[in-house]
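# Descriptive structure summary
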Amino acid sequence: MKIVHIINNLASGGAEKLLLDTIPLYRKKGIEVDLLVLNGTESPFMQVLKELDCCSIYSLGLNSEYNPIQVFRLIPFLKKYDIAHVHLFPSQYWVVFAKLLSFSKIKLILTEHTTTNPRMKNYLLSKIDRFIYRFYCKVVCITDEVSQILYQYTQQSQLKFVVIENGVNLKEIYDAEPYSKRNISSLFSDQDTLLIQVARFSKHKDQETVIKALKFLPVNVKLMLVGEGVLRKNCKDLVKQLKLEDRVLFLGARMDVPKLLKTADISLLSSNWEGFGLVAVESMASGKPFIASNVPGMASVVKDAGILFEKGNASELAFHIDKLIKDQNYYKEVVNACKIRAKQYDIQFMVDKHIDLYQTII
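Cut-offs and rules
- Residues numbered from 1 in each chain as written.
- Predicted model: local features only at pLDDT ≥ 70, side-chain atom pairs only at ≥ 80, totals over all residues.
- Heavy atoms only, no water.
- Core = buried A, V, L, I, M, F, W, Y, C linked by side-chain atoms within 4.5 Å.
- Buried < 20%, exposed > 50% of the residue type's maximum accessible area, 1.4 Å probe, protein only.
- Contact = heavy atoms within 4.5 Å.
- Pairing = 2+ DSSP bridges.
- Helix = DSSP H or I, 4+ residues; strand = E, 2+ residues; numbered from the N terminus.
- Axes fitted to C-alpha atoms, helices over the stretch in contact; angles between N-to-C directions.
- 1 Å grid on protein atoms, 1.4 Å probe; cavity = no way out; pocket = protein on both sides within 12 Å on 5 of 7 lines; lining within 4 Å.
- Points joined across faces, edges and corners; volume = space filled by probe spheres on them.
- Nonpolar A, V, L, I, M, F, W, Y, C, P; charged D, E, K, R; others polar.
- Polar contact = N/O pair within 3.5 Å; in protein donor to acceptor, adjacent residues only side chain to side chain.
- Arc of directions from axis to C-beta.
- Parallel < 35°, antiparallel > 145°, perpendicular 65-115°, else oblique.
- Left-handed = near helix turned anticlockwise from the far one by under 90°.

### Brief notes about the nonpolar core
Grouped together as the largest cluster of nonpolar side chains are 127 residues, with contacts concentrated most on Leu74, Tyr136, Ile211, Met224, Phe290 and Ile291. Those residues in contact with Met224 that sit more than four places away from it in its chain are Ile184, Phe188, Leu194, Leu195, Ile196, Gln197, Leu249, Leu251, Leu260 and Ala264.

### Some remarks on the sheet that holds strand 3 (residues 57-59)
Strand order across the open sheet formed by 7 strands is 3-2-1-4-5-6-7, with parallel pairing between neighbours. Edge positions in the sheet fall to strand 3 and strand 7 (161-163), since each of these pairs with one other strand and no more. Each strand axis lies, on average, 25° off the axis of its neighbour in the sheet, ignoring direction. Here 3 bridges tie strand 6 (residues 138-141) to strand 7, and the two strands are oriented parallel to one another. Across the sheet, Cys141 pairs through a bridge with Val163, a residue of strand 7.

### Section: empty space enclosed by the protein
All told, the structure shown has 1 cavity of 30 Å³ or more when counted by the stated rule. Contributing to the lining of the largest cavity are 15 residues, with Leu18, His87, Thr111, Met350 and His354 lying nearest its centre. Secondary-structure elements contributing two or more residues to the lining of the largest cavity are helix 1 (14-28), strand 4 (83-87) and helix 16 (347-361). It is helix 1 that contributes the most residues to the lining of the largest cavity, 4 residues altogether. Of the residues contributing to the lining of the largest cavity, the split by class is 7 nonpolar, 8 polar and no charged.

### Topic: the sheet that holds strand 9 (residues 221-226)
Taken in spatial order, the 6 strands of this open sheet run 10-9-8-11-12-13, and their pairing is parallel. With partners counted over all chains shown, the strands left at the sheet margins are strand 10 (248-252) and strand 13 (307-309), one partner each. Strand-to-strand twist across the sheet, computed as the mean angle between neighbouring axes with direction ignored, equals 25°. As paired elements, strand 12 (residues 290-293) and strand 13 share 3 bridges and run parallel to each other. Among the inter-strand pairings, Ser293 is bridged to a residue of strand 13, identified as Phe309. This element, helix 12 (residues 278-285), spans strand 8 (193-198), strand 11 (266-269) and strand 12 of the sheet and lies at about 160° to strand 12.

### Some points on the side chain of Ser104
Of note, Ser104 is situated in the loop between helix 4 (91-102) and strand 5 (107-112). A polar contact of 3.3 Å, which involves the side chain of Ser104, links it to the backbone oxygen of Leu78. If sequence neighbours within four positions are ignored, Ser104 has contacts with Leu78 and Lys99.

### Notes on the environment of Ser126
You can see Ser126 is positioned in helix 5 (residues 123-133). Exposure remark for Ser126: the relative accessible area of 5% places this residue in the buried category. For Ser126 and Asn169, which are 43 residues apart along the polypeptide, the C-alpha to C-alpha distance reads 35 Å. If we skip the residues at most four places from it in the chain, Ser126 touches Arg119, Met120 and Tyr153.

### Quick notes on helix 6 (residues 144-154)
By the burial criterion, the buried members of helix 6 are Val146, Ser147, Leu150, Tyr153 and Thr154. Buried residues of helix 6 fall within an arc of 140° about the axis and therefore sit on the same side. Of the surrounding secondary structure, the elements contacted by the buried residues of helix 6 are strand 5, helix 5, strand 6 and strand 7. The positive-phi residue at the C-terminal boundary of helix 6 is Gln155, with phi of around 60°.

### Details of the packing of helix 4 against helix 5
With their axes 10 Å apart at the nearest point, helix 4 and helix 5 run at an angle of 55° to one another. In terms of their interaxial angle, helix 4 and helix 5 are classed as oblique. Relative to helix 5, helix 4 is oriented so that their crossing is left-handed. Within the contact between the two elements, helix 4 uses Gln92, Tyr93, Val96, Phe97 and Leu100 and helix 5 uses Leu125, Ile128, Asp129, Phe131, Ile132 and Tyr133. Split into classes, the residues belonging to the contact of helix 4 with helix 5 amount to 9 nonpolar, 1 polar and 1 charged.

### Digging into the environment of Phe45
By the element assignment, Phe45 lies in helix 2 (residues 44-52). For Phe45, a relative accessible area of 10% puts it in the buried group. Each C-alpha atom, one on Phe45 and one on Leu324, is 33 Å from the other, the two residues being 279 residues apart in sequence.

Set out below in structure tokens:
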């Protein structure tokens with residue numbers, strides 16, 4: 001059984017991190033799994049996977065994953081594998097077109113990582129979407145909410161959809177040692193209350209609400225923002241506008257996220273929408289309280305463990321942060337509930353379910 005995972009690139013993001021963590025585990029279980037990226041630009045995730053030397057990594061060599069020429073460059077690879085496991089748009093389109101043009105018999109699996117996409121609101125693109133889904137043997141949905149939404153949207157048989165929740169390498173989180181706050185930046189002292197959000201700066205994340213929440217909190221409450229993305233400059237401009245330069249630190253892409261999560265006092269994920277949110281589980285496993293936007297995909301993971309706040313409501317977010325700071329018993333209750341919830345999402349469970357699915361399809 002030969003499997004190839006296909007994704008746009010291996011830049012920062014939940015789907016990308018999932019492949020970095022799972023491909024070595026498939027190999028340990030005797031499954032031959034390789035990686036193909038449309039855009040092979042170097043990134044920290046790519047560098048780590050290369051150093052692990054656990055799979056073949058192929059790049060189609062084009063700078064834009066939206067270039068239709070990707071279809072023709074994909075064709076030779078479809079003849080080398082039994083299953084192509086595809087992630088994200090536009091990879092999910094190009095792979096189908098390549099299969100149709102080549103008459104390949106490869107089986108296709110798609111993992112849906114989110115509850116929504118812009119194509120759903122466009123009449124023509126939604127029709128194309130439904131056509132594309134027809135060619136996937138199975139669509140892996142990372143939550144029940146994703147499965148229900150896609151079933152209604154695609155009008156495909158419910159048998160096509162299978163729910164396999166994402167997993168996290170819990171041992172990596174448990175074993176991580178925190179930094180001294182002062183060693184991260186001269187902005188911080190050990191007496192500061194340190195917040196952290198780990199997320200790409202994109203339209204479906206909402207770092208701006210976290211930044212605005214600082215205006216409702218004492219000056220010793222400070223924020224680390226981890227990640228890259230096109231909207232990072234917008235957030236930096238907002239920090240300057242609100243005169244928060246001495247309270248907000250932009251750390252860029254980091255490979256030491258478990259250590260940073262353990263260094264922070266409170267972990268946050270402010271989003272406009274989510275599929276699952278791997279960082280939610282990582283945060284809950286870190287032994288710190290976790291606060292997230294109450295949006296589909298996130299609510300089912302966090303509810304009755306971490307804290308949910310109304311999307312975009314900076315004052316409500318600040319209220320929850322302030323309550324955690326002032327009430328240590330409440331802080332400990334949330335921490336304990338988060339740690340118990342995180343145990344449900346061990347990455348080994350997810351890998352075993354994927355392997356069972358591959359074997360069923362073969």
